[in-house]
Amino acid sequence: MDKKAKTSSTRVKSPVRGRTLRSPPPTRRTAPPQRENPPKTKRSADESKVKKPCPRSAKSPTCQRPNGPEPHKNRKARSPTRKPEAGAHPTRGGCRTASAGAAPGARSPPAAKAERPGVRGQTAAVEKILLSVLDNLKIRKPAISESTNKVNDVVDGIIKHLKSHTSEYFSQIEKLPTGSYYENVKISEPDEFDVMLTVPVQRVEIQQFDTTGAFYSVAFKRNPQRNPLQRFVLSGGTISASGMLSEFRSQVKQATETMPGVQLERKKRGSPAVTLAVNENRRVISVDIVLGLKVHMQSWPSCTKDGFNIDSWLGTKVKRDFKIAPFYLVPKYTGKGSDEKDGICAKDAWRISFSHVEKGILKNHGSAKTCCESGGSQCCRKQCLKLLKHLLQKLKEAHPKELSKFFSYQAKTTLLHACVKRPKDSDWEKGNLSTCFDLLLQDFIQYLDLGKLPHFFIPTYNLLDSGCDSKSMKSLIQYIRYEQNNMFPIFCERNSNWC
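These figures come from a predicted structure and were not determined experimentally. (Residues numbered from 1 in each chain as written. Predicted model: local features only at pLDDT ≥ 70, side-chain atom pairs only at ≥ 80, totals over all residues. Heavy atoms only, no water.)

(A) The arrangement of the packing of helix 10 (residues 433-450) against helix 11 (residues 470-485) in detail. One way to put it is that helix 10 packs onto helix 11 with a least axis distance of 9 Å and a crossing angle of 160 degrees. What the angle tells us is that helix 10 and helix 11 run roughly antiparallel. Both helix 10 and helix 11 take part in a crossing whose hand is left-handed. Together, Asp438, Leu441, Gln442, Phe444, Ile445, Leu448 and Asp449 of helix 10 and Met473, Leu476, Ile477, Ile480, Arg481 and Gln484 of helix 11 make up the contact between the two elements. For the contact of helix 10 with helix 11, the per-class residue count stands at eight nonpolar, two polar and three charged. (Axes fitted to C-alpha atoms, helices over the stretch in contact; angles between N-to-C directions. Helix = DSSP H or I, 4+ residues; strand = E, 2+ residues; numbered from the N terminus. Parallel < 35°, antiparallel > 145°, perpendicular 65-115°, else oblique. Left-handed = near helix turned anticlockwise from the far one by under 90°. Contact = heavy atoms within 4.5 Å. Nonpolar A, V, L, I, M, F, W, Y, C, P; charged D, E, K, R; others polar.)

(B) Representation of the nonpolar core. One finds Ile158, Leu197, Leu229, Met244 and Phe248 to be the most contacted residues of the largest nonpolar core, which totals 112 residues. Per-element accounting of this core gives the leading share, nine residues, to helix 10. When residues no more than four places from it in sequence are discounted, the contact partners of Ile158 are Leu197, Val252, Ala255, Thr256, Met259, Leu276 and Ile289. Listed in part, the six residues of the second largest apolar core include Leu176, Met196, Ala273 and Val290. (Core = buried A, V, L, I, M, F, W, Y, C linked by side-chain atoms within 4.5 Å. Buried < 20%, exposed > 50% of the residue type's maximum accessible area, 1.4 Å probe, protein only.)

(C) Region of interest: the side chain of Lys389. Checked against the element boundaries, Lys389 lands in helix 8 (residues 381-398). Of the residues examined, Lys389 reaches a relative accessible area of 12% and is grouped as buried. Residues contacting Lys389, with those up to four places away along its chain left out, are Ser180, Val185, Ile187, Ser408 and Ala411.

(D) Up close: unusual backbone geometry. In this structure, Phe308 takes a positive phi of about 55 degrees despite not being glycine. Residue Met487 is not a glycine yet carries a positive backbone phi of 60 degrees. Locating Met487 in the fold gives a position in the segment after helix 11. The exposure class assigned to Met487 is partly exposed, which follows from its relative accessible area of 26%.

(E) Local environment of the packing of aromatic side chains. Here the structure, examined in full by the defined rule, presents 14 aromatic pairs. When the centroid spacing of 5.4 Å and the interplanar angle of 40 degrees are considered together, the rings of Trp300 and Phe308 count as tilted. Plain terms: the ring middles of Phe308 and Phe322 are 6.1 Å apart, the flat faces sit at 70 degrees to each other, and that makes the pair edge-to-face. A residue pair is termed long-range when its members are at least 10 positions apart, and Phe308 in the loop between strand 9 (283-295) and helix 6 (316-323) and Phe322 in helix 6 qualify at 14 residues. For Phe308, a relative accessible area of 1% corresponds to the buried category. Joined through ring pairs, the aromatic side chains of Trp300, Phe308, Phe322, Phe354, Phe456 and Phe457 make up one cluster. (Phe/Tyr/Trp six-rings, centres within 6.5 Å; stacked < 30°, edge-to-face > 60°.)

Written out as structure tokens, the structure is:
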């Protein structure tokens, strides 16, 4: 027998129970002995069924396999590059976490996630729906030009009549276009226009009429004998809002009698507007002509001190420029109009209006001057307002009795507050439309839940006090949340291609 045979057949005594083991061939390397481990012993049949602990259990006690049958010997080892299964620790090589009380061999449940599964895909789907809605809400240019030309002709005819066929009290009247169309947030069709016709007044004194800070009585500081508005001055020296509005409505009626296709609508109780129905190419355009007093004073009323907080959004200079400009009063009363204060009836009070400021803000709405300009960053502030107005309009059509007291000005006020809370243009990136709209809806829901939506310029004036009871606000919250959670099915009722 040669040396190779002798070497391979050499037997060595084992320290355990005198067992003899063959020594490995010299070409193979033996594994180094493990420290503090007992020598291998022959296991019984019952002991062999016991599952070995996870090799990482010493480092991570929670990273252990649940009790279960031993994997088959011929099963291939899991590739180290294979992705861990759901519920596995991301840094533990896919070792599952054992759950308390789990059945033998059962998989542990996946770990809880911060977001619902499929949230990203759902967000993309919602984004697609909202963009489709906005595209459908765009006003086509031919329709814009036709409607604006017709409305301008009607308004110019009324102004001409007021300056030539009346006495001096309307001779200095001025045109102030206001409303959603002139703010570039009109939706669907150019079938509604708001125009304010203002009369400038000098040297007047205004007194707060109620606790909200939105309604005032107006009186001349000096003897108004030579003032053109002397006709509407009451015995106490105040200007009668109801008397001036009645005369204004009478003059508008005379001016439109000779205009073809123009009809005066029935007067709405408490409304400061004279509404006209203008027929134009088989379309009826509603035109609200509002009478207003243009007030020149050194500062705005004291009730606006804590409002109009645009410093961090548009800057202090823009705020200062707005506050030195005139403000306007419209013949709108609070309550039923029969209440009196200091001998002045509520129907003769005036409500302060900042529609000209709102128009200026929405036209230049970015914290950067180049926001939404060619070459500048694009935001989605106006798009979010359009969507909120459209959603409120659709919900009112679906639930006319419950939601009749809600109006689009509440949506605009919600956006203005949101722009103050999130003043940066990066907070309103155009690519994050669905997220920004969702945040705006959350703001609106929060105001409804509290039952308080402060006026943007007059914080003491609650816009949800005008007939909006708690029951209707809760109903509106439920309707909005349903739309949020179901990807706005109300937008897809007549346009299934959007969803």
